[in-house]
Amino acid sequence: MPDETLSSYRQSIDNIDAALVFLLAERFKVTQAVGRYKATHGLPPADPARETAQIARLRALANDAQLDPEFSEKFLRFIIDEVIRHHEKLQG
C-alpha cells in the first residue's frame, strides 16, 4: 500500500522540477538573444562586473529565503558558465 503522504510530497517535487525546467528554458531563450546581440555589436561574451553583482544579489535573496547562499552561488555559476559558453559559440 503506497504512502499517500510521501506520494503527495513527491508530486509537489515533480511539479517544482517541471517548473524549474521551463524557467531555465525561458532564461536560456533570453540569454541566447543577449548572446546574438553581443555578437552583432562586438561586445564580449562575459561581463564579470554584472556576474559579480548578480551573484551578490542572488546570495542575499537566498539568505532571505533560508536557502544556502553557497548552493545558490554554485547553481548560478553553473548557469552563467553555460551562458558564456553559448555566447562564445555565437561569436566564433
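Definitions and limits used
Residues numbered from 1 in each chain as written. Predicted model: local features only at pLDDT ≥ 70, side-chain atom pairs only at ≥ 80, totals over all residues. Heavy atoms only, no water. Helix = DSSP H or I, 4+ residues; strand = E, 2+ residues; numbered from the N terminus. Buried < 20%, exposed > 50% of the residue type's maximum accessible area, 1.4 Å probe, protein only. Expected span 1.5 Å × (residues − 1). Contact = heavy atoms within 4.5 Å. Lys, Arg positive; Asp, Glu negative; His and termini not counted. Salt bridge = Lys/Arg side-chain N within 4 Å of Asp/Glu carboxyl O.

Right, let's get into the overall build of the chain. Helix and strand content of the chain: 3 helices and 0 strands. Along its sequence from the N terminus, the chain presents helices and strands in the succession α-α-α. With respect to the principal axes defined by its C-alpha atoms, the chain has extents near 60 × 25 × 15 Å. Counting only residues that meet the buried cut, the chain has 18% of its 92 residues in that class.

Compared with an ideal rise of 1.5 Å per residue, which puts 37 residues at 54 Å, helix H1 (residues 4–40) spans 54 Å between its outermost C-alpha atoms and is within 8% of the ideal. Within H1 the residues assigned to the buried category are Thr31, Gly35 and Lys38. Next to the buried residues of H1 lie helix H3 (69–91). After H1 finishes, the residue Gly42 shows a positive phi value of roughly 65°.

Once that is clear, we can look at the side chain of Lys38. Mapped onto the secondary structure, Lys38 falls in helix H1. For the buried residue Lys38, which engages in no salt bridge, the nearest side chain bearing the opposite charge is Asp47, 5.7 Å off. Excluding residues within four positions of it along the chain, Lys38 makes contact with Leu43, Pro44, Pro45, Ala46, His87 and Gln91.

Geometry only, nothing functional implied.
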